[in-house]
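Listed below are the residues making up each chain.
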There are 4 protein chains.
Amino acid sequence: MARPLSDEKRSALLDAAIDLFSENGIDATPTAAISKAAGVAEGSLFTYFRSKDGLVNALYLELKAELAQVLMQGLPRQGSIAKKLEHLWNRHLAWCTGSPKKLRTLERLLLSNRLDDTSRAQGAEPFRELDDAVQRAVDDGTLRDLSLPYLHQVFQAMVTATLQMIASDPARAASYRREGFEMLWNAVRR
Amino acid sequence: MARPLSDEKRSALLDAAIDLFSENGIDATPTAAISKAAGVAEGSLFTYFRSKDGLVNALYLELKAELAQVLMQGLPRQGSIAKKLEHLWNRHLAWCTGSPKKLRTLERLLLSNRLDDTSRAQGAEPFRELDDAVQRAVDDGTLRDLSLPYLHQVFQAMVTATLQMIASDPARAASYRREGFEMLWNAVRR
Amino acid sequence: MARPLSDEKRSALLDAAIDLFSENGIDATPTAAISKAAGVAEGSLFTYFRSKDGLVNALYLELKAELAQVLMQGLPRQGSIAKKLEHLWNRHLAWCTGSPKKLRTLERLLLSNRLDDTSRAQGAEPFRELDDAVQRAVDDGTLRDLSLPYLHQVFQAMVTATLQMIASDPARAASYRREGFEMLWNAVRR
Amino acid sequence: MARPLSDEKRSALLDAAIDLFSENGIDATPTAAISKAAGVAEGSLFTYFRSKDGLVNALYLELKAELAQVLMQGLPRQGSIAKKLEHLWNRHLAWCTGSPKKLRTLERLLLSNRLDDTSRAQGAEPFRELDDAVQRAVDDGTLRDLSLPYLHQVFQAMVTATLQMIASDPARAASYRREGFEMLWNAVRR
DNA sequence: CATGAATGAGTCTTCATTCAT
DNA sequence: TATGAATGAAGACTCATTCAT
């Protein structure tokens, strides 16, 4: 998809949106505030995105893609499932801890009624490969006999729980990370 | 003298809010829609609640109190910690499954920026007794050496994960419930 | 006009209205605020006055009548026109200085669009006798050949001017009062 | 770039406000009525003025500035104090007579609770030079030994009184103007 | 393309008045 | 009569989106 427009401005708008969405919520953030924070004219937002919802969906895709990329990077494809899970666990926590605003925004996006089905599907896309990697591990009996989505949910759930703890006591982040993974592993291994 | 404030109308307003909030989100639900759905005049909402935020906070308190009450009911105070946790697990899932709109609303409430500190504190209040019950179990070494909040988070997270599964495949609800608890228990027991 | 209702409550309402009107203005004062300040129920205001405008007009009449009475009291009917004017001058200033809230309210009433013609006429009524007294003095050549209304206006205007000064420097009230009358007298005498 | 803020629209809004404020009062004039009368969209009022109060204060400043300018224009700076006062007198009456709506609006503005201190101060600013001119005349003994504010008040008072007369009998305007000035002069000269 | 003024539907909240108790 | 809850029509202001410049 050719993008004849300035990538810089597009990014500035998305970054501004992350800032404001994470802080005030999506509905409570006027498009004008986003434009202003991005240093562009009010109207320009609409040359980069069809509408506010357009921006919202684009932002969702962007964040999901970034997260997927972070998770895949350095994935020990040959390692044991435990190693793989631990990699994902650490990466995931690292991203969330390092980009709390993006995380918060992602949560808000998920709960908003603004994501269309296409976006949800497209957002899951980059995780496909990852899922496959995990599925094989389930099949070989190392893990409990869980459906992939359930595993996903549990993983996600433990991440969220651990994140909350890290947020409330950042000094003990490493300890939470280790303990959290142990719990996860105990939960899902056969 | 004069007409007394009607508990019925107050409830109707809160119920209508649950309906609409769960469906459309808080910000996207006009107060007029709530009044209408509750069958009262637009202005009446404001005789029962100071403002939209007033209603939102009241609703939060209401839901938290209801949940706490459901969880406490029939809690096997003499039983083992496993029994206690299982009771909480089943009750929690039951409430969420039985009142999906309330659950959704609670999630939205939590992510909204409308809850004031007082409400958050007051909302946690009814869980105090429950927390104590669990704390003792942690102390006697049955469980991992987790801080109470962490345990809370993990419990909550696993509930959420399991709920998602139940939502996507209600027929297997019982199976998810059992498997979920096993995972939780494996995760938190020493 | 028989008034079967409690005069006390009626007065309380009018007094409360004076307080609030003088402070916030007429339009900016809700009837509920008046009732509350008067210590009666919201609805009671409407058993004592047909409507908010009804109260407003009644208040106007009340204040005009009170002012007229104050001015007439002790009027030296046999004295020279100068004596008479001075009496009115002093009385008028005294009333305004002593009841600044009533004065302010009267000003606001006059500028509001809520006084009906009947009230305006009725409010002028108590001054009729006073006017006659003055008219005779004009006729005998002591004063400039002014129409009575003009004299009225000038008198009123000078009162207002002097009042402002007294308000801004109460310590010198007596001095302003004397000087003001001198100016008035110089202006209107032949 | 883009459409520049149009002075025409701003003026149209202020003019419409004068019309409606003078007729109905400030509180009783909805912003929507002003926009409509000015021929712009409801929302546009708020691109020209922060709020209704913003418009109100701007209007006050505008009127005060206009009045000051009218009074200064052609002021006989070398003439006697009597000449100066007469010039101000005539100009003042002329402006008030010629712009009765502006006058009425100014009165309402003054009695409203919407003018902030900044505006009141700023509104007095353009009269500073004029005040100085008069002060010197007081100092040289031509006038009574009045404080400047008092002189101001008396002048204003006589204007108001005379204006009322002119309003009630426009045919005799010139006669009122002359007679009024004589009275003023008699009042304030030594 | 960039800009930001223009638009007007939509939102929360207030308030005079009525009326059930 | 006293009370104050109920009513719903305004009213000030916001905001996504358009479009003149």
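Residues numbered from 1 in each chain as written. Chains lettered and ligands numbered in written order. Predicted model: local features only at pLDDT ≥ 70, side-chain atom pairs only at ≥ 80, totals over all residues. Heavy atoms only, no water.

Chain A is annotated in an unreviewed UniProt entry as TetR family transcriptional regulator from Anaeromyxobacter paludicola.

Caption draft 1: The arrangement of the pattern of salt bridges in detail. Taken as a whole and judged by the stated rule, the model has 34 salt bridges over all chains. Between D53 of chain C and R114 of chain C there is a salt bridge, with the nearest N and O atoms lying 2.7 Å from each other. Taken together, the residues D53 of chain C in helix 4 (residues 52-72) and R114 of chain C in the loop between helix 6 (100-111) and helix 7 (117-124) connect sequence positions 61 residues apart. As a salt-bridge pair, E107 of chain D and R104 of chain D come within 4.0 Å of each other at their nearest N and O atoms. You can see E107 of chain D and its partner R104 of chain D sitting in helix 6 (residues 100-111), three residues apart, about one turn around the helix. (Salt bridge = Lys/Arg side-chain N within 4 Å of Asp/Glu carboxyl O. Helix = DSSP H or I, 4+ residues; strand = E, 2+ residues; numbered from the N terminus.)

Caption draft 2: Seen up close, the protein's contact with DNA strand E. Close to DNA strand E lie 35 residues; L5 of chain A, T31 of chain B, T31 of chain C together with A2 and R3 of chain D are nearest. Taking the atoms of DNA strand E that fall within 4 Å of the protein, sugar and phosphate contribute 67% of them. At 3.3 Å, a backbone N or O of R3 of chain D approaches a sugar or linking oxygen of DNA strand E. G43 of chain D has a polar backbone atom sitting 3.2 Å from a base nitrogen of DNA strand E. For the surface near DNA strand E, the secondary structure elements donating two or more residues are helix 3 (45-48) of chain A together with helix 3 (45-48) of chain D. Looking at the surface near DNA strand E residue by residue, the class counts come to 14 nonpolar, twelve polar and nine charged. (Near = heavy atom within 4 Å. Polar contact = N/O pair within 3.5 Å; in protein donor to acceptor, adjacent residues only side chain to side chain. Nonpolar A, V, L, I, M, F, W, Y, C, P; charged D, E, K, R; others polar.)

Caption draft 3: Quick peek at the relation of the copies chain A and chain B. Relative to chain B, chain A is turned by 180° and slid 0.1 Å along the rotation axis, the superposed coordinates differing by an RMSD of 0.1 Å. Viewed as a symmetry operation, the transformation between the two copies matches a two-fold axis. A share of 100% of the interface residues of chain A reappears at the interface of chain B, consistent with the copies meeting face to face through the same patch. (Least-squares fit on C-alpha atoms with pLDDT ≥ 70 in both. Contact = heavy atoms within 4.5 Å.)

Caption draft 4: Inspection of the interface of chain A and chain B at higher detail. With 33 residues of chain A in contact, the opposing surface of chain B contributes 33 residues. Each partner contributes to the roughly 2700 Å² buried at the junction of chain A and chain B, and carbon and sulfur atoms together form 57% of this total. For chain A, the biggest contributors to the area lost against chain B are L111, Y150 and M183 of chain A; these three give 26% of the whole. Across the chain A-chain B interface, the total number found is four salt bridges. One salt bridge in this structure joins E179 of chain A and R144 of chain B, with 2.9 Å as the shortest N-O distance. The tally of links between chain A and chain B comes to twelve residue pairs in polar contact (both at pLDDT 80 or more). Sorting the residues of the side of chain A that touches chain B by element identifies helix 1 (7-24), helix 6 (100-111), helix 9 (148-168) and helix 10 (173-188) of chain A as the ones contributing at least two each. (Buried area = accessible area lost by both parts, 1.4 Å probe.)

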